[in-house]
Number of protein chains: 2
Amino acid sequence: MQKYSRKREAIMDALREVKVHPTAEWVYARLKPDYPDLSLATVYRNLKAFVDSGEVNMVGVVEDKARYDADTYPHAHFICEHCGAVVDVYLPQDNGINAMAEDAVGGKVQRQEILFRGLCENCLERE
Amino acid sequence: MQKYSRKREAIMDALREVKVHPTAEWVYARLKPDYPDLSLATVYRNLKAFVDSGEVNMVGVVEDKARYDADTYPHAHFICEHCGAVVDVYLPQDNGINAMAEDAVGGKVQRQEILFRGLCENCLERE
DNA sequence: CCTTTTTTGATATTGATTATCGTTATCATT
DNA sequence: AATGATAACGATAATCAATATCAAAAAAGG
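Residues numbered from 1 in each chain as written. Chains lettered and ligands numbered in written order. Predicted model: local features only at pLDDT ≥ 70, side-chain atom pairs only at ≥ 80, totals over all residues. Heavy atoms only, no water.

Caption draft 1: Quick peek at the sheet that holds strand 4 (residues 86–89) of chain B. Here we have 6 strands laid out as an open sheet, ordered 4(A)-3(A)-5(A)-5(B)-3(B)-4(B), and mixed in their pairing. One side of each edge strand has no neighbouring strand; the edge strands of this open sheet are strand 4 (86–89) of chain A together with strand 4 of chain B. Averaged over all adjacent pairs, the angle separating strand axes in this sheet is 30°, with direction ignored. By the bridge criterion, 4 bridges tie strand 3 (residues 76–80) of chain A to strand 5 (residues 108–119) of chain A in an arrangement that is parallel. For A:Phe78, the partnering residue across the bridge sits in strand 5 of chain A and is A:Phe116. Running over the sheet, helix 4 (residues 97–105) of chain A touches strand 5 of chain A together with strand 3 (76–80), strand 4 and strand 5 (108–119) of chain B and is turned about 115° from strand 5 of chain A. Together, strand 3, strand 4 and strand 5 of chain A together with strand 5 of chain B form the strand contacts of helix 4 (residues 97–105) of chain B, whose direction differs from that of strand 5 of chain B by roughly 115°. (Pairing = 2+ DSSP bridges. Helix = DSSP H or I, 4+ residues; strand = E, 2+ residues; numbered from the N terminus. Axes fitted to C-alpha atoms, helices over the stretch in contact; angles between N-to-C directions. Contact = heavy atoms within 4.5 Å.)

Shown next, in the form of structure tokens:
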């Protein structure tokens with residue numbers, strides 16, 4: 001099994017090197033200088049492929065734009081309603097709420113998403 | 001005090017009478033027979049107004065369509081990845097995690113969203 | 001090299017949601 | 001009942017992130 005295309009790897013690298021949980025546009029702008037013939041379609045295409053394969057998670061949609069995270073270790077997120085920042089929140093491991101949800105629904109939980117919305121430290125001070 | 005328009009109330013009633021967490025289109029289709037001159041714009045407009053005022057929550061986006069919930073009592077949701085169903089999950093009032101998130105971020109949590117994704121009972125059986 | 005399979009760039013299109021704008025309904029007050 | 005101020009409306013155009021399309025370029029695998 002060999003490596004994949006250079007651009008696909010560059011997209012993954014771009015995701016991994018930052019903690020801002022970028023948008024597709026952000027990734028495109030970040031890589032365009034180094035890959036002048038990169039197309040936005042390629043960014044969307046590969047982000048979707050990564051999400052489908054589980055290598056990347058889509059954290060949520062903030063201001064109509066999807067935000068991505070290459071850190072697949074289970075963790076929650078905080079979204080600032082003022083500036084749109086998305087921040088990692090590592091909570092102590094599993095309280096068994098998955099099992100509770102499965103009991104309540106009768107189905108199988110595959111993924112759990114915990115999201116906090118509010119004001120981040122910076123935006124709180126500027127009020 | 002001012003009263004609400006008939007259509008606005010019908011939209012709220014439509015939301016309240018079902019547990020499916022409808023889309024805007026669903027509400028429109030549900031009311032159109034009784035309100036033949038109802039416009040889809042009115043549904044979107046009022047749903048947005050309800051969300052802005054806090055009377056209705058937008059649970060999430062499933063298959064690109066926003067899903068609404070008129071039950072403002074805090075609770076989690078389960079989304080079936082197969083059929084798109086959105087189901088209420090009432091977890092025990094467990095609110096240590098807001099404080100944990102605030103500690104981690106240094107900001108103020110205003111809202112907490114817990115979402116489970118997986119397969120519902122029906123879709124699980126049909127596999 | 002050569003062939004097959006992937007991936008890509010460019011661009012058109014989709015589709016949910018929002019904005020616009022001229023009209024209509026509502027309601028308290030004449 | 002008529003008025004006027006304002007809220008709400010219908011119709012439809014605009015927006016914009018995301019997807020589909022397809023011929024061309026790059027990678028894989030001999």
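Now that the structure has been shown, we can carry on.
Caption draft 2: Geometry of the pairing of strand 3 of chain A. All names here are of chain A. Here strand 3 lies mainly inside the structure; 5 of its 5 residues are buried. The alternating pattern of strand 3 places Ala76, Phe78 and Cys80 and His77 and Ile79 on opposite faces, both of which are buried. In this sheet, strand 4 lies alongside strand 3 in antiparallel orientation, the contact comprising 4 bridges. Looking across to strand 4, one finds that histidine 77 is bridged to aspartate 88. Two successive antiparallel strands, strand 3 and strand 4, enclose a turn made up of 5 residues, where glycine 84 displays a positive phi of approximately 80°. (Buried < 20%, exposed > 50% of the residue type's maximum accessible area, 1.4 Å probe, protein only.)

Caption draft 3: Seen up close, unusual backbone geometry. Residues and elements named next belong to chain A. Positive phi is not limited to glycine here, since histidine 21 has a value of about 55°. Residue placement: histidine 21 occurs in the loop between helix 1 (6–16) and helix 2 (24–31). We classify histidine 21 as buried; its relative accessible area is 2%. Positive phi, normally seen in glycine, also occurs at aspartate 64, with a value near 70°. The exposure class assigned to aspartate 64 is exposed, which follows from its relative accessible area of 76%.

Caption draft 4: Seen up close, the relation of the copies chain A and chain B. For the pair chain A and chain B, the relating rotation is 180°, the translation along its axis is 0.1 Å, and the fit reaches an RMSD of 0.3 Å. The superposition of one copy onto the other is thereby described by a two-fold rotation axis. Across chain A, the rotation axis passes nearest the C-alpha of A:Ile114, at a separation of 2.3 Å. A share of 97% of the interface residues of chain A reappears at the interface of chain B, consistent with the copies meeting face to face through the same patch. (Least-squares fit on C-alpha atoms with pLDDT ≥ 70 in both.)

Caption draft 5: Spatial organisation of the protein's contact with DNA strand C. What surrounds DNA strand C is a group of 19 residues, the closest being A:Ser5, A:Lys7, A:Asp37, A:Thr42 and B:Tyr44. The sugar-phosphate share of atoms of DNA strand C within 4 Å of the protein amounts to 70%. Take A:Lys7: an N or O atom from its side chain is 2.6 Å from a phosphate oxygen of DNA strand C. Between DNA strand C and B:Asp64, the relevant distance is 3.5 Å, taken from a sugar or linking oxygen to a main-chain nitrogen or oxygen of the residue. Elements represented by at least two residues in the surface near DNA strand C include exactly helix 1 and helix 3 (40–53) of chain A together with helix 3 (40–53) and strand 2 (65–69) of chain B. With 4 residues, the top contributor of residues to the surface near DNA strand C is helix 3 of chain A. When grouped by side-chain class, the residues that make up the surface near DNA strand C number 6 nonpolar, 4 polar and 9 charged. (Near = heavy atom within 4 Å. Polar contact = N/O pair within 3.5 Å; in protein donor to acceptor, adjacent residues only side chain to side chain. Nonpolar A, V, L, I, M, F, W, Y, C, P; charged D, E, K, R; others polar.)

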